[in-house]
Amino acid sequence: MKTDIEIAQEATLLDIRKVAEKIGATEDDLELYGKHMAKISDECIKKLEGEKDGKLVLVTAINPTPAGEGKTTVTLGLGDALNKMGKKTAVAMREPSLGPCFGIKGGAAGGGYAQAVPMEKLNLHFTGDFHAITTANNLLCAMLDNHLLQGNELRIDPKRIVIKRCLDMNDRALRNITIGLGKRLDGVVREDHFCITVATEVMAILCLAENMDDLTERLGKIILGYNYDNEPVTAKDLKAVGDMSVLLKDAIRPNLIQSLENNPVFVHGGPFANIAHGCNSVRATKVALKAADYVITEAGFGADLGAEKFLDIKCRMAGLKPDAVVLVATARALKYNGGVPKDELSNENVEALNKGIVNLGKHIENLKKYNVPVVVTINRFTADTEAEMAAIKSFVEEKGCRFALSEVWAKGGDGGQELASQVLDAIEEGSPDFKFLYDDNLSLKEKIETVSKEIYGADGVEYSPEANNALKRIESLGFGNVPVCMAKTQYSLSDDQKLLGRPEGFKVSIREVYVSAGAGFVVAIAGQIMTMPGLPKSPAAERIYIDDNGDTVGLF
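Here's what I pulled together on the structure shown here.

Analysis parameters
Residues numbered from 1 in each chain as written. Predicted model: local features only at pLDDT ≥ 70, side-chain atom pairs only at ≥ 80, totals over all residues. Heavy atoms only, no water. Helix = DSSP H or I, 4+ residues; strand = E, 2+ residues; numbered from the N terminus. Rg over C-alpha atoms; globule rule 2.2 N^0.38 Å. Buried < 20%, exposed > 50% of the residue type's maximum accessible area, 1.4 Å probe, protein only. Contact = heavy atoms within 4.5 Å. Pairing = 2+ DSSP bridges. Axes fitted to C-alpha atoms, helices over the stretch in contact; angles between N-to-C directions. Patch = residues over 30% accessible without salt bridge, like charges linked within 9 Å, V, L, I, M, F, W, Y side chains within 5 Å. Areas by Shrake-Rupley, 256 points an atom, 1.4 Å probe, with all protein chains shown as cover. Salt bridge = Lys/Arg side-chain N within 4 Å of Asp/Glu carboxyl O. Parallel < 35°, antiparallel > 145°, perpendicular 65-115°, else oblique. Left-handed = near helix turned anticlockwise from the far one by under 90°. Nonpolar A, V, L, I, M, F, W, Y, C, P; charged D, E, K, R; others polar. Phe/Tyr/Trp six-rings, centres within 6.5 Å; stacked < 30°, edge-to-face > 60°.

### Let's talk about the overall build of the protein chain
Counting its regular elements, the protein chain contains 20 helices and 25 strands. Radius of gyration (C-alpha) of the protein chain: 23 Å, near the 24 Å computed for a compact globule of 556 residues. Projecting the C-alpha coordinates of the protein chain onto the three principal axes gives extents of approximately 70 × 60 × 50 Å. Across the 556 residues in the protein chain, those meeting the buried criterion constitute 59%. For the protein chain, the proportion of contacts with a sequence separation of at least 24, taken over those separated by at least 6, is 74%.

See the structure below:
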């Protein structure tokens, strides 16, 4: 079979104005970025406000493995399948980060015959949203260091600065640096840090803001650090809100592209789920709900991260409620969780599959805690056997969930008909009232421990002295009633990436806690998770190039 990029490059794309007609938008409602990409104007968003909301379907997955799960592929394929059935459907998904594109994971445009296109432009720069977010964040940092040099009127303690510079790239050498070296006018010497753009509070704010006024207000609340009296200093205090807003005025508008089958795909924002809240923007989701009868959206990594944050953070803040959840798994990934080496995953092994399927079982149990209908789908590979499929189907149905095979990678929308039917039935059947995992009025420690015990399966939580002190300070500042955003490895239900399957008898270690006041949540960093990833020994960047025809090769 052809590679993903070959399929994408050979696709016949509609003019984006034609795609926009499917959601009731005209050329005047768009800000065009060439023939195949556009931003939705504020006027169009206002025009759609009176429309009835469609049904919202969240796509999530088991913990990711080297075998791959195909969550974005299923998201796009399900959208195409529903459109083939005559259901007016749009997809809402995140923008890819350059870090994984050139690292190990690859892009985030789907795969096979279930992709968002133009795939190259989506994965590389796109409409410039990430550039705007990076620049706004780094402008704030530049103004902060200039303030220190120019007399430090706000009495900021250089040793208690918490804002980090950012870069949309995996670069471990920038995690801990020293700045201001040289002459006096070169700045104040201090320790500084970088995180990846998708882990910044500016990214989270853009994705949670309802409109430009909300964005501006949230930006002003960003805590840069603390003064010598232990009081927080904000972006508003530094008079850095207006300039950041100007840089983000276009980035806050949702982007519209299309699937391989020419159906509308909203792509906007891209916080990682292992170190941020892992969902596309509230604006894009809400516009899609007004523009379509069914909206398929996704949350990053496994359901223990992306889905939990979608449900407990995004839905809580935006007043959203999913009508169904699709949980994606593969036989290969389940066998990997059962101890099968990566190079033997194509061999039938029902025994290992039954051992590793406990990971899927835990995610099913977790999602049911929110009172949402769950449909489990297996993203099928050619080497999967009937015996393996039968074992998974039996397990899922014993758990009280609907089951469907997905073959959208090979067949596009035609391969998602079974899944689409099950999703429609689940929505029609309905469910008890949606509920959050925890209440706002719990303490921050109680929220952290609820997620750790209920979702991860931990016996308890251990806090470093620094984390304990930070929690006390954050609650004293009045942030005790906000949600928690857990930063944890995506590879395990625990905070140890080596513990596969369904780990038991472990405790989650919280080593750092900080408040994202503008985003409206508190981040708790567990285990060894880093906010600035590094490149692998052999990064994908080594194999990406332009061929003699001017086409990109190696992007996946």
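### So, the sheet that holds strand S12 (residues 223-227)
Spatially, the three strands line up as an open sheet ordered S7-S12-S13, and their pairing is antiparallel. Among the strands making up the open sheet, the edge pair consists of strand S7 (156-161) and strand S13 (232-234). Neighbour-to-neighbour, the strand axes of this sheet turn through a mean angle of 50°, independent of strand direction. The pairing of S12 with S13 spans three bridges and is antiparallel. Residue pairing across strands places Ile-223 opposite Thr-234, the latter belonging to S13. Lying over the sheet, helix H7 (residues 129-149) contacts S7 and S12, oriented at roughly 130° with respect to S7.

### Structural notes on the side chain of Thr-385
Structurally, Thr-385 can be placed in the loop between strand S18 (374-379) and helix H16 (386-398). Not counting residues within four places of it along the chain, the set of residues in contact with Thr-385 comprises Glu-348 and Arg-380.

### Regarding a nonpolar patch on the surface
Where nonpolar side chains cluster on the molecular surface, the patch consists of Met-1, Tyr-113 and Trp-409 and spans about 310 Å² of accessible area. As for its placement among the helices and strands, Tyr-113 is situated in the loop between strand S5 (110-111) and strand S6 (114-117).

### Topic: the sheet that holds strand S20 (residues 460-463)
Judged by pairing direction, the sheet is mixed, and its four strands sit side by side in the order S20-S22-S23-S21 without closing on themselves. The open sheet terminates on both sides in strands that have one partner only, identified here as S20 and strand S21 (484-487). Sheet twist, expressed as the average angle between the axes of neighbouring strands with direction ignored, equals 40°. The pairing of strand S22 (residues 507-516) with strand S23 (residues 521-526) spans six bridges and is antiparallel.

### Observations regarding the packing of helix H8 (residues 201-208) against helix H9 (residues 212-220)
In the contact formed by H8 and H9, the axes pass within 9 Å of each other and the chain directions differ by 150°. Here H9 runs roughly antiparallel to H8, going by the angle between their axes. Note that H8 runs across H9; the crossing there is right-handed. Residue-level inspection shows Ile-205, Leu-206 and Leu-208 of H8 in contact with H9, the latter providing Asp-214, Leu-215, Arg-218 and Leu-219. Of the residues assigned to the contact of H8 with H9, the class counts are five nonpolar, no polar and two charged.

### What about the packing of aromatic side chains?
For the coordinates displayed, the defined rule picks out two aromatic pairs. Ring geometry for Tyr-370 and Phe-434: centres 6.4 Å apart, planes at 15°, overall stacked. Of this pair, Tyr-370 sits in the loop between helix H15 (358-368) and S18 while Phe-434 sits in the loop between helix H18 (417-429) and helix H19 (444-456), placing them 64 residues apart in sequence. Assessed through its relative accessible area of 17%, Phe-434 is described here as buried.

### Details of the pattern of salt bridges
Inspection of every chain in the model, using the stated rule, returns 35 salt bridges. Taking the shortest distance from any N to any O, the salt bridge between Asp-53 and Lys-290 comes out at 3.1 Å. Placement of Asp-53 in the loop between helix H3 (42-48) and strand S3 (55-61) and of Lys-290 in helix H11 (residues 282-291) is noted, with a sequence separation of 237 residues between them. Asp-312 serves as the salt-bridge partner of Arg-316, at 3.4 Å between the closest nitrogen and oxygen. Of this pair, Arg-316 and Asp-312 both sit in helix H12 (residues 303-318), four residues apart, roughly one helical turn. Across this residue pair, the class does not change: Arg-316 and Asp-312 are buried. One network of salt bridges, with partners in common, ties together Glu-31, Asp-42, Lys-249, Asp-250, Arg-253 and Arg-283.

Geometric descriptors of this kind do not, in isolation, establish any biological role.
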